[in-house]
Amino acid sequence: MTESYDVDDRPRGVRLPRRERRAQLMSAALEVFVAQGYHSAAMDDIAERAGVSKPVLYQHFPGKLELYLALLDASCDTMIANCRAALESTHDNKQRVAAAIDAFFGYVAHDTGAFRLVFESDLTNEPEVRAHVERVTIECAEMIAAVIGEDTGLPADASKLLAVSLVGMAQVSARFWLTEGGGLDREQAVALVSGLAWRGIRGYPLTD
């Protein structure tokens, strides 16, 4: 499940432990960045949403980019962990494909909207942001490629290409479903996409 941060509803000025305050600030920042995008969001907006002064915000994050990267890190870690859990949830490869696809659909469907930071960032021209965003594809594909290579005996490069293709299919279809999916619920959408993916991947030879 995608990580979320609950904005603390205690009165303004209440002193929180550093870890709680950081989580509160990240929760407020996530809401502002998702709603406004990086360029339109201001540290003033984030401080106001969190119910703190700007100096308090700057005590934890020296600037807007650092705050954005911290959120991006948490969001990427969540998606990668979801993918890992999906692959480890079963040894049946058909079910593995469905679980991995569902991990992406569940991620974009989460009500925090955190996926927008990872898959729809308006700051991908920034090298650090681009590296964070690409990490999701790279690390998820590496995990999937390991399974493909083990089960098919395909070379590493071929397994990696197939894995990247599966990740791309899952990501793009999940985002499309969220905005243009019409009457399809999540279960129906996952069944369609995973069915397509499985019909393709099962055609590769199994090892002894």
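Bear in mind that the values here come from a model prediction, so they are computed numbers and not experimental data.

Trainee: Any details on the UniProt feature "DNA-binding region" (unreviewed entry) in the protein chain? Residues and values, ideally.
Mentor: With numbering matched to this structure, UniProt assigns "DNA-binding region" (unreviewed entry) to residues 42-61. A helix fraction of 75% and a strand fraction of 0% characterise residues 42-61, whose end C-alpha atoms lie 13 Å from each other.

Trainee: Break down the packing of aromatic side chains for me, citing the residues and quoting the values.
Mentor: Under the criterion given, the structure shown has six aromatic pairs. When the centroid spacing of 6.5 Å and the interplanar angle of 25 degrees are considered together, the rings of Phe-104 and Phe-119 count as stacked. With Phe-104 in helix H5 (residues 93-109) and Phe-119 in helix H6 (residues 115-119), the pair connects residues that are 15 residues apart, well separated along the chain. Taking relative accessible area as the criterion, Phe-104 reaches 2% and is therefore assigned buried. Judged by relative accessible area, which is 10%, Phe-119 ranks as buried. Cluster of aromatic residues (ring-pair linked, three or more members): Phe-33, Tyr-38 and Tyr-68.

Trainee: Hey, could you go over the domain arrangement of the protein chain for me, with residue numbers and the actual values?
Mentor: Bring the parts together and some accessible area is lost; that lost area is often taken as the interface size. When the domains of the protein chain are assigned, the result is domain 1 (16-62) and domain 2 (68-203). Here the C-alpha centre of domain 2 lies 28 Å away from the C-alpha centre of domain 1. Each partner contributes to the interface: domain 1 provides ten residues, whereas domain 2 provides eleven residues. Summed over both partners, the interface of domain 1 with domain 2 comes to about 920 Å²; 81% of that surface belongs to carbon and sulfur atoms. Among the residues domain 1 hides against domain 2, the three largest losses belong to Leu-30, Val-34 and Tyr-38. Together they make up 52% of the total. Our enumeration of links across domain 1 and domain 2 arrives at zero salt bridges. The interface formed by domain 1 and domain 2 contains zero residue pairs in polar contact (both at pLDDT 80 or more). Across the side of domain 1 that touches domain 2, the residue classes tally to seven nonpolar, two polar and one charged.

Trainee: Tell me what's going on with the UniProt feature "domain: HTH tetR-type" (unreviewed entry) in the protein chain, and back it up with residues and numbers.
Mentor: The UniProt record marks residues 19-79 with the feature "domain: HTH tetR-type" (unreviewed entry), using the residue numbering of this structure. Across residues 19-79 one finds 87% helix and 0% strand; the C-alpha atoms that close the span lie 22 Å apart.

Trainee: Which residues make up the environment of Met-143, and what values do they have?
Mentor: Structurally, Met-143 can be placed in helix H7 (residues 127-152). On the basis of relative accessible area, Met-143 is assigned to the buried category, the value being 17%. Met-143 sits 77 residues away from Glu-66 along the chain, and the two C-alpha atoms are 28 Å apart. Setting aside anything within four residues of it in sequence, one finds Met-143 in contact with Ile-80, Cys-83, Arg-84 and Leu-87.

Trainee: Tell me about the nonpolar core, and please be specific about residues and values.
Mentor: Within the largest apolar cluster, 65 residues are counted, with the highest numbers of intra-cluster contacts made by Phe-33, Ile-46, Leu-67 and Leu-72. Listed by contribution, the elements that provide at least two residues to this core are helix H1 (18-40), helix H2 (43-50), helix H4 (64-88), H5, H6, H7, helix H8 (156-180) and helix H9 (186-201). Here the element with the most residues in this core is H4; it accounts for 13 residues. Residue contributions to this core reach at least three from each of two domains, namely domain 1 (16-62) and domain 2 (68-203). Filtering out sequence-adjacent residues up to four positions away, Leu-67 remains in contact with Met-26, Ala-29, Phe-33, Met-43, Ile-46, Leu-57 and Phe-61.

Trainee: Go over the environment of Thr-179, please, and point to the residues and values.
Mentor: Mapped onto the secondary structure, Thr-179 falls in helix H8. You can call Thr-179 exposed: its relative accessible area is 51%. Each C-alpha atom, one on Thr-179 and one on Cys-76, is 21 Å from the other, the two residues being 103 residues apart in sequence. One polar contact links the side chain of Thr-179 to the main-chain carbonyl oxygen of Arg-175, over a distance of 3.3 Å.

Scoring rules and cut-offs
Residues numbered from 1 in each chain as written. Predicted model: local features only at pLDDT ≥ 70, side-chain atom pairs only at ≥ 80, totals over all residues. Heavy atoms only, no water. UniProt positions renumbered as here; feature names shortened; annotations may be inferred. Helix = DSSP H or I, 4+ residues; strand = E, 2+ residues; numbered from the N terminus. Phe/Tyr/Trp six-rings, centres within 6.5 Å; stacked < 30°, edge-to-face > 60°. Buried < 20%, exposed > 50% of the residue type's maximum accessible area, 1.4 Å probe, protein only. Domains from an automatic or database assignment. Contact = heavy atoms within 4.5 Å. Buried area = accessible area lost by both parts, 1.4 Å probe. Salt bridge = Lys/Arg side-chain N within 4 Å of Asp/Glu carboxyl O. Polar contact = N/O pair within 3.5 Å; in protein donor to acceptor, adjacent residues only side chain to side chain. Nonpolar A, V, L, I, M, F, W, Y, C, P; charged D, E, K, R; others polar. Core = buried A, V, L, I, M, F, W, Y, C linked by side-chain atoms within 4.5 Å.

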